[in-house]
Amino acid sequence: NRGIALHKMIRLLTFSLAGEGYLSFMGNEFGHPEWIDFPRADREERGKFIPGNGGSLHHCRRRWDLADADHLRYHYLMDFDRKMMHLDIAYGFIKHGHNYISRKDEGDKMIVFEKGDLVFVFNFHPYHS
């Protein structure tokens, strides 16, 4: 649970400090498979043969169905992403011009900032709240 909470905090921090958009990228989304292997041909690099995968798409797919499995925790991340999007729809802070970081403290592991009409407070310290 702590890992999921930390992951949500990082997502919200990234989302709220984003310029004019937010992108959930490979390695950060809930549908990420064990590995990514895009279709590629055999090649030679520095005189060494590097085999391709025969143009296979087998390991070049997302498992979006994982978020639908109630016995897994991926649905919590999908629900959180959906709520983040609704937060911006309600307050329109991502494209808002006002962006001010009022506190950034390495010792306390804390960051406080204003974005639009909202104030965000993040405390990443493991045991000081």
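Note that the coordinates shown come from a computational prediction; the quantities given were computed from them, not determined experimentally. (Residues numbered from 1 in each chain as written. Predicted model: local features only at pLDDT ≥ 70, side-chain atom pairs only at ≥ 80, totals over all residues. Heavy atoms only, no water.)

## Thoughts on the overall build of the protein chain
So, step 1. Within the protein chain one finds two helices and five strands.
So, step 2. Along the chain direction, N to C, the helices and strands of the protein chain fall in the order α-β-β-α-β-β-β.
So, step 3. Going through the 129 residues of the protein chain one by one, you find that 28% of them count as buried.
So, step 4. Pairs at least 24 apart in sequence give 45% of the contacts found in the protein chain among residues at least 6 apart. (Helix = DSSP H or I, 4+ residues; strand = E, 2+ residues; numbered from the N terminus. Buried < 20%, exposed > 50% of the residue type's maximum accessible area, 1.4 Å probe, protein only. Contact = heavy atoms within 4.5 Å.)

## Some details on helix α1 (residues 2–17)
So, step 1. Given a rise of 1.5 Å per residue, 16 residues ought to cover 22 Å, and the 22 Å separating the end C-alpha atoms of α1 matches this to within 8%.
So, step 2. Every buried residue of α1 is listed here: Ile-4, Arg-11, Leu-12, Leu-13, Phe-15 and Ser-16.
So, step 3. Contacts made by the buried residues of α1 are with α2 (74–91), β4 (110–115) and β5 (118–123). (Expected span 1.5 Å × (residues − 1).)

## Some words on the sheet that holds strand β3 (residues 99–105)
So, step 1. Strand order in the open sheet made by the three strands is β3-β4-β5, with antiparallel pairing throughout. The outermost strands of the open sheet, each flanked by one partner alone, are β3 and β5. Put simply, the sheet's adjacent strands are angled 10° from each other on average, direction ignored.
So, step 2. Pairing of β3 with β4, which is carried by six bridges, proceeds in the antiparallel orientation. Bridge assignment links Tyr-100 to a residue of β4, and that residue is Glu-114. (Pairing = 2+ DSSP bridges. Axes fitted to C-alpha atoms, helices over the stretch in contact; angles between N-to-C directions.)

## Considering the pattern of salt bridges
So, step 1. Throughout the structure, instances matching the rule amount to five salt bridges.
So, step 2. Here Asp-81 ties to Arg-11 by a salt bridge, and the two come within 2.7 Å at their closest N and O atoms. Separated by 70 residues along the polypeptide, Asp-81 in helix α2 and Arg-11 in helix α1 bring together distant segments of the chain. One exposure class covers both Asp-81 and Arg-11, and it is buried.
So, step 3. For Asp-79, the salt bridge goes to Arg-82, with nearest N and O atoms at 3.3 Å. (Salt bridge = Lys/Arg side-chain N within 4 Å of Asp/Glu carboxyl O.)

## Here we look at unusual backbone geometry
So, step 1. In the Ramachandran plot, Arg-46 falls in the positive-phi region, its phi being about 55° despite a non-glycine side chain.
So, step 2. Residue classification places Arg-46 among the exposed residues on the basis of a relative accessible area of 81%.
So, step 3. The backbone phi angle of Lys-109 is positive, close to 55°, even though this residue is not glycine.
So, step 4. Topologically, Lys-109 is positioned in the loop between β3 and β4.

## Let's talk about the nonpolar core
So, step 1. The biggest cluster of nonpolar side chains holds twelve residues, and these are Leu-12, Leu-13, Phe-15, Phe-80, Met-84, Phe-93, Ile-94, Ile-111, Phe-113, Leu-118, Phe-120 and Phe-122.
So, step 2. Mapped by element, the contributors of at least two residues to this core are α1, α2, β4 and β5. (Core = buried A, V, L, I, M, F, W, Y, C linked by side-chain atoms within 4.5 Å.)

## As for the packing of aromatic side chains
Each aromatic ring pair is described using two quantities: the centre-to-centre distance and the angle formed by the ring planes.
So, step 1. Counted under the stated rule, the structure contains six aromatic pairs.
So, step 2. Where Phe-113 meets Phe-120, the ring centres are 5.1 Å apart and the plane angle is 15°; that geometry is what we call stacked. For the pair shown, Phe-113 and Phe-120 are each scored as buried.
So, step 3. Between Phe-120 and Phe-122, the aromatic rings sit 6.4 Å apart at their centres with planes inclined by 10°, giving stacked as the arrangement. (Phe/Tyr/Trp six-rings, centres within 6.5 Å; stacked < 30°, edge-to-face > 60°.)

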